[in-house]
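Topology and contacts: notes
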Amino acid sequence: MDIKIIWENTQMLNTHQHSILTILLMRFNVEPSEGIKIAERWLKDHSPENWGTILRLLKSNNLTLVDRELKPISKSPTSEPSKTVHKYRGVEIENKSPQVKVQQTNKSSGKKRLYRGVEY
């Protein structure tokens, strides 16, 4: 499709609509003419909502495109943190929440590091 034709078709849109069409193009590879139809179909199904709502939901990753329709992303609420179980010599050790070990740099202690002759 020619860029000039797309630009002429989208000149009458407001900034929310341009942003939505940009997200649909960049994230889902949907042409603007098709994106307008998809967004208008979603607005028809969700009558009290507006273009600003679609933009907010797309930016917060709460909407996705499935079979050329915008669908909400369902997030299952977890009441408990995930548990991981490790076995060590026949004994199960349970971690309630996996934690990533972060190494702290020794900048505050005043120690300098030396690597290949360069001190940092």
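Residues numbered from 1 in each chain as written. Predicted model: local features only at pLDDT ≥ 70, side-chain atom pairs only at ≥ 80, totals over all residues. Heavy atoms only, no water.

Let's talk about the environment of Thr53
- In this fold, Thr53 is placed in helix α4 (residues 51–59).
- Remark: the alpha-carbon pair of Thr53 and His16, spanning 37 residues in sequence, is separated by 9.2 Å.
- In terms of polar contacts, Thr53 uses its side chain to reach the side chain of Glu49, at 3.1 Å. (Helix = DSSP H or I, 4+ residues; strand = E, 2+ residues; numbered from the N terminus. Polar contact = N/O pair within 3.5 Å; in protein donor to acceptor, adjacent residues only side chain to side chain.)

Topic: the pairing of strand β1 (residues 63–66)
- Covered by surrounding structure in β1 are Leu63 and Leu65 only, the residues Thr64 and Val66 on the alternate face being uncovered.
- In terms of strand pairing, β1 meets strand β2 (residues 69–72) through four bridges, oriented antiparallel. Residue Thr64 lies in a different strand from β2, and its bridge partner there is Lys71.
- Two successive antiparallel strands, β1 and β2, enclose a turn made up of two residues, where Asp67 displays a positive phi of approximately 50°. (Buried < 20%, exposed > 50% of the residue type's maximum accessible area, 1.4 Å probe, protein only. Pairing = 2+ DSSP bridges.)

Observations concerning the pattern of salt bridges
- Evaluation of the coordinates by the stated rule reveals one salt bridge.
- Its salt-bridge partner being Lys71, residue Glu69 comes within 3.3 Å of it at the nearest N-O pair.
- Take Lys71: its relative accessible area is 34%, and that puts it in the partly exposed class. (Salt bridge = Lys/Arg side-chain N within 4 Å of Asp/Glu carboxyl O.)

Notes on the nonpolar core
- In this structure, Ile20, Leu24, Trp42, Ile54, Leu58, Leu63 and Leu70 are the most contacted members of the largest nonpolar core, which totals 16 residues.
- Put simply, the parts of the chain that give this core at least two residues each are α2 (15–28), α3 (32–45), α4 and β1.
- Here the element with the most residues in this core is α4; it accounts for five residues.
- Residue contacts for Leu58: discarding those within four places in its chain leaves Ile20, Ile23, Leu24, Arg27, Phe28, Leu63 and Leu70. (Core = buried A, V, L, I, M, F, W, Y, C linked by side-chain atoms within 4.5 Å. Contact = heavy atoms within 4.5 Å.)

Some words on unusual backbone geometry
- In this structure, Asp67 is a non-glycine residue whose phi angle is positive, near 50°.
- The topology assignment puts Asp67 in the loop between β1 and β2.
- Even without a glycine there, the phi angle at Arg68 is positive, about 60°.
- Relative to the assigned elements, Arg68 resides in the loop between β1 and β2.
- Judged by relative accessible area, Arg68 falls into the partly exposed class, the value being 41%.

Some remarks on α4
- Among the residues of α4, Trp51, Thr53, Ile54, Leu55, Leu57 and Leu58 are the ones counted as buried.
- Tucked inside the fold, the buried residues of α4 contact α2, α3, β1 and β2.
- For α4, the side-chain oxygen to backbone nitrogen distance between the N-cap and Gly52 is 3.1 Å, and the N-cap itself is Asn50.
- Of the residues one or two after α4, Asn61 is the one with positive phi, at around 60°.

Some details on the packing of α2 against α4
- Two elements in contact, α2 and α4, have axes separated by 9 Å at closest approach and are oriented at 35°. Crossing hand, α2 versus α4: left-handed. Here His16, Gln17, Ser19, Ile20, Ile23, Leu24, Arg27 and Phe28 of α2 come into contact with α4, specifically with Trp51, Gly52, Ile54, Leu55, Leu58 and Lys59.
- Residue composition of the contact of α2 with α4, grouped by class: eight nonpolar, four polar and two charged. (Axes fitted to C-alpha atoms, helices over the stretch in contact; angles between N-to-C directions. Left-handed = near helix turned anticlockwise from the far one by under 90°. Nonpolar A, V, L, I, M, F, W, Y, C, P; charged D, E, K, R; others polar.)

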